Amino acid sequence: MIPLMASVWVLIASVLVTWVLSLVTREYSWVDRIWSIVPVLYVWIFAGATGFTDLRLMLMASVVTLWGARLTFNFARKGGYSRGGQDYRWSILKKRMPAPAFQVFDLLFIAGFQNLVLWLIAMPAFFAYQHRATPFGLLDIVLLVLFAAALVGETIADEQQWRFHRRKHAGAATGEKPFLTHGLFRVSRHPNYFFELAQWYLFFGVGAVAAGTVLQFSALGPLLLTVVFIGSTIFTESISRGKYPQYDAYRRTTSALVPWFPRRTSTDTAS
């Protein structure tokens, strides 16, 4: 249980540090700034507890490290680590809430709940650590390969989004609406969310294979992450709908999350 307790201490420190920093700096994206880092640390704690000798845990740690490196790069190039680089949605939400309510929200959700989710999504590594005697097999390989494929999908989605906004901010013609609707965004309004969630459900699957059951508390990780993403999607789209009248038409024709063929509208049918 020593590596588990070590991860819990990291969790407690993460909550306290991100909360205190939000109070001191009046910026609320400190959890965003460690989002790609602490899950990597959690998984390597369990891999290190085996002396870096367990194949399943070493591969789990490796794919999560690749996930973290990609996300860190993407967050950094958007200025997320710069002073004043907080998520614009926190400022909007702060204006919509009474000040005392937002401070409670900051502690319980932004710092507390989100850090808990980051700990939970890494906990399949704990079950892999507990069940090291379970042989590494074909199902593990399939899940890890699918994790890598979802990582590639998310990388493509983020790159498409990055290039679109670069052209848009530079004043160049994007050849389409003021929001992204081509590439992967033609078949999903939030393909990066889809691939992100897919990775953590697959990661949970590896832990479940080791444990021989899906009945483990780490199942809460991807489930709660899904809840976070649904809430984020609803809030983000409420902002987009207010800014862009055309966004409602995009919502009617395009899947919110799971990539799927665009739906035909009555206008399309009539034409």
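This write-up is about the structure you can find in this document. Given the structure is predicted, the values throughout are model-derived calculations rather than measurements.

**Some details on the side chain of Thr 50**
Item 1. With respect to the helices and strands, Thr 50 occurs in the loop between α3 (38-49) and α4 (55-77).
Item 2. According to the relative accessible area criterion, Thr 50 is buried, its value standing at 15%.
Item 3. Looking at Thr 50, its side chain comes within polar contact range of the main-chain oxygen of Ala 47, at 2.7 Å.
Item 4. Residues in contact with Thr 50, not counting those within four places in the same chain, are Leu 57, Tyr 129 and Arg 132.

**Let's talk about the packing of aromatic side chains**
The relative placement of two aromatic rings is captured by the distance of their centres and the angle of their planes.
Item 1. One pass over the structure, following the stated rule, counts 24 aromatic pairs.
Item 2. Ring geometry for Phe 105 against Phe 109: centres 5.0 Å apart, planes inclined by 20°, an arrangement best described as stacked. Here Phe 109 and Phe 105 lie together in helix α6 (residues 99-122), a separation of four residues that amounts to about one turn.
Item 3. By relative accessible area, which is 21% here, Phe 105 ends up partly exposed.
Item 4. Using a relative accessible area of 24% as the deciding quantity, one classes Phe 109 as partly exposed.
Item 5. Ring geometry for Phe 126 and Phe 127: centres 5.2 Å apart, planes at 70°, overall edge-to-face.
Item 6. The class of Phe 127 is buried, set by a relative accessible area of 10%.
Item 7. Put simply, the rings of Tyr 28, Trp 90, Phe 102, Phe 105, Phe 109 and Phe 113 pair up and form one aromatic cluster.
Item 8. Seen from the ring of Trp 30, Arg 33 lies directly overhead, with NZ or CZ sitting 4.4 Å from the centre.
Item 9. Across from the ring centre of Tyr 129, 4.3 Å away, lies the NZ or CZ of Arg 132, which sits over that ring.

Criteria and cut-off values
- Residues numbered from 1 in each chain as written.
- Predicted model: local features only at pLDDT ≥ 70, side-chain atom pairs only at ≥ 80, totals over all residues.
- Heavy atoms only, no water.
- Helix = DSSP H or I, 4+ residues; strand = E, 2+ residues; numbered from the N terminus.
- Buried < 20%, exposed > 50% of the residue type's maximum accessible area, 1.4 Å probe, protein only.
- Polar contact = N/O pair within 3.5 Å; in protein donor to acceptor, adjacent residues only side chain to side chain.
- Contact = heavy atoms within 4.5 Å.
- Phe/Tyr/Trp six-rings, centres within 6.5 Å; stacked < 30°, edge-to-face > 60°.
- Lys NZ or Arg CZ within 6 Å of the ring centre and 35° of its normal.

All quantities given are derived from atomic positions and should not be read as evidence of function.
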